[in-house]
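These are the residues of each chain, in order.
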Amino acid sequence: MTLLTDHLVVDGVRLAYRDRGEGPPVVFIHGTPSHAYEWRDIMPRIEAEGFRTIAYDLLGYGLSERPVDRDTSVAAQTGLLEHLLDALDIDRADIVAHDIGGAIGLRFAVAHPGRVRRLLLIDSVSYDSWPSPTWRRIIDENLDDFTSMSQDAFDDMLTRQLTMTVADASRMTGDVLQAYLAPHSSPLGRVSFFEHQVRHYDAKYTEEISGRLEHLTMPVRILWGEKDQWQPLHYAKRLSGAIPDATLVTVPEAGHFLMEDAPGRVVEEIRDFLTVRDPDVREPA
């Protein structure tokens, strides 16, 4: 399924995106190793609930541009999010963010709290939670000589990693697995994966904002797969304890790619979170 249908030049780079529906804007930010494909079973159902839904591939990911001379770290992606919202004439939005997308959402909420109505984090990186032990090993073994890796060796490596993202391994097979591998099925794709994604797996981007989470005032919900092998549940509990009034919802029999293991539950939680009382509307005295 091709989720993204349009392209937009933002701050001098091309981003692939989708903007559909009418109503309050909801921005979906994907994680890694991934692209906006992960929202394919989620966005149309939220759109049908009366929301304007926006998703995009991060710079260097999926169908977006893969520049040779641009920073694609979490910090740089946060700046691009601001430019994207400006380009789409969105002053304030609800944000639904997964994995490193969660770090982008958190950094954006800390820097621009007035532009985030609500923030829903799904199995987000935080504090010193990333890269995971298996990714640390891949970085140590491959980051300096990844250009010599064959396509078969790369596919085997990434397949092993992607299989860890789900509690039910059968959900990461066939066409679904191929969709996650597809952006990297060429020499350029493999180089881009290491240069634009893996090279920027760095906890400094989340650790440097950890002391500011207590100042967030917008509603925050944290949604987590209990069997997440990359982001252990104790990080979710730490996040929910640090962010004032944040709610934590755990999903049994689900892993890091919660949208693959339990898409119906993800839709239910997003719908519930987005339809609670508007934080801009004060109750009468």
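In what follows, the structure referred to is the one given above.
Positions within a chain are numbered from 1, following the residues in the order the chain's sequence is written. In keeping with the predicted nature of the model, local features appear solely for residues at pLDDT of at least 70, side-chain atom pairs appear and are counted solely at 80 or more, and the whole-chain, interface and lining totals rest on all residues. The basis for the side-chain values is all heavy atoms of the structure; hydrogens and waters are excluded.

Caption draft 1: Structural context of the overall build of the chain. Numbered from the N terminus, helices here are DSSP runs of H or I no shorter than four residues, and strands are runs of E no shorter than two. Regarding its fold elements, the chain presents eleven helices and eight strands. C-alpha atoms define the radius of gyration, and 2.2 Å times the number of residues to the power 0.38 defines the globule rule. For the chain, the C-alpha radius of gyration of 18 Å lies close to 19 Å, the compact-globule estimate for 285 residues. Viewed in the frame of its principal axes, the chain has a C-alpha envelope of about 65 × 40 × 35 Å. A burial count over the chain gives 56% of its 285 residues as buried. Long-range pairs, those at least 24 residues apart, make up 77% of the contacts in the chain with a sequence separation of at least 6. To be clear on the numbers: accessible area is Shrake-Rupley with a 1.4 Å probe, and residue cover counts the displayed protein chains and nothing else. Per element, the accessible surface of the chain, about 11700 Å² overall, is 47% carbon and sulfur. Side chains of the chain carry 29 positive and 46 negative charges; the gap between the two charge centres is 2 Å. Exposure categories follow from relative accessible area, calculated using a 1.4 Å probe and restricted to protein chains: below 20% of the type maximum is buried, above 50% is exposed, and the middle band is partly exposed. Note on contacts: a residue pair is in contact if any heavy atoms of the two residues lie within 4.5 Å. Under the convention used here, Asp and Glu are negative, Lys and Arg are positive, and both His and the chain ends fall outside the count. Just so you know, the charge point we use is NZ for Lys, CZ for Arg, CG for Asp and CD for Glu.

Caption draft 2: Inspection of the pairing of strand E8 (residues 247-251) at higher detail. Pairs of strands are assigned from DSSP output, requiring at least two bridges between the strands. The sheet contact formed by strand E7 (residues 220-225) and E8 spans five bridges and is parallel. Bridged to Leu223 within E8 is Val249. Traced from E7 through helix H9 (residues 233-242) to E8, the parallel crossover comes out right-handed. When the strands point away from the viewer, a crossover counts as right-handed if the path from the first strand over the helix to the second runs clockwise.

Caption draft 3: Structural context of helix H7 (residues 187-197). Taken as a whole, H7 has its buried residues at Gly189, Arg190, Ser192, Phe193, Phe194, His196 and Gln197. Buried residues belonging to H7 abut helix H4 (133-142) and helix H5 (151-163).

Caption draft 4: Representation of the packing of H4 against H5. Where H4 meets H5, the axes come as close as 11 Å, and the angle between the chain directions of the two elements is 165°. One element, H4, and the other, H5, form an angle in the roughly antiparallel class. Between H4 and H5 the crossing geometry is left-handed. The segment H4 lies against H5, with Thr134, Trp135 and Ile138 engaging Met157, Leu158 and Gln161. Residue polarity follows a fixed list, in which Ala, Val, Leu, Ile, Met, Phe, Trp, Tyr, Cys and Pro are nonpolar, Asp, Glu, Lys and Arg are charged, and the others, Gly among them, are polar. Within the contact of H4 with H5, the residues separate by chemical class into four nonpolar, two polar and no charged. Where helices are involved, their axes are fitted lines through C-alpha atoms of the stretch in contact, as for all axes, and angles between N-to-C directions lie from 0 to 180°. By the definition adopted for this analysis, an angle is roughly parallel if under 35 degrees, roughly antiparallel if over 145, roughly perpendicular if from 65 to 115, and oblique otherwise. Each helix crossing is assigned a hand: it is left-handed if the near helix lies turned anticlockwise from the far helix by less than a right angle, otherwise right-handed if that turn is clockwise.

Caption draft 5: Representation of the pattern of salt bridges in the model. By salt bridge we mean one thing: a side-chain nitrogen of Lys or Arg within 4 Å of a carboxyl oxygen of Asp or Glu. This structure, assessed with the given rule, holds 17 salt bridges. Beyond isolated ion pairs, a larger network of salt bridges with shared partners links Arg221, Arg265, Glu269 and Asp272.

Caption draft 6: Main features of H4. Buried residues of H4: Thr134, Trp135, Ile138, Ile139 and Asn142, and no others. Projected down its long axis, H4 carries its buried residues within an arc of 140°, all on one side. Opposite its buried face, H4 presents the exposed residues Pro133, Asp140 and Glu141, each directed more than 90 degrees away. Summarising the geometry, the arc corresponds to the directions from the helix axis toward the C-beta atoms.

Caption draft 7: View of the packing of aromatic side chains. Centre distance within 6.5 Å is the pairing criterion for rings of Phe, Tyr and Trp, where only the six-membered ring of Trp is used; planes under 30 degrees apart are then read as stacked, over 60 as edge-to-face, and the remainder as tilted. Taken as a whole, this structure holds ten aromatic pairs when the rule is applied. With 6.1 Å between their ring centres and 75° between their planes, Phe154 and Phe194 make a pair best called edge-to-face. Placement of the pair is Phe154 in helix H5 and Phe194 in helix H7, with a sequence separation of 40 residues. A relative accessible area of 1% means that Phe194 is categorised as buried. Taken together, the ring pairs connect Trp135, Phe146, Phe154, Phe193, Phe194, Tyr201 and Trp230 into an aromatic cluster. Any Lys NZ or Arg CZ found within 6 Å of a ring centre and within 35 degrees of that ring's normal is scored as a charge over the ring. In this structure, Arg238 packs its charged tip against the face of Tyr127, placed 3.7 Å from the ring centre.

Caption draft 8: Inspection of the side chain of His184 at higher detail. Mapped onto the secondary structure, His184 falls in the loop between helix H6 (174-181) and H7. Look at His184 and you get buried, because its relative accessible area is 4%. Excluding residues within four positions of it along the chain, His184 makes contact with Gln151, Phe154, Leu158, Gly189, Arg190, Phe193 and Gln197.

Caption draft 9: Local environment of the side chain of Arg52. You can see Arg52 is positioned in strand E4 (residues 52-56). Residue classification places Arg52 among the buried positions, given a relative accessible area of 19%. In contact with Arg52, other than residues within four places in its own chain, are Asp19, Arg20, Gly21, Glu22, Gly23, Pro24, Pro25, Val26, Leu88 and Ile90.

Caption draft 10: Just the pairing of E7, in detail. Burial of E7 is extensive: six of the six residues sit out of reach of the surface. What you see with E7 is no split at all: Val220, Ile222 and Trp224 on one side and Arg221, Leu223 and Gly225 on the other are buried throughout. Where strand E6 (residues 116-122) and E7 come together, four bridges link them in parallel fashion. Opposite Leu120, over in E7, you have Arg221 as the bridge partner.

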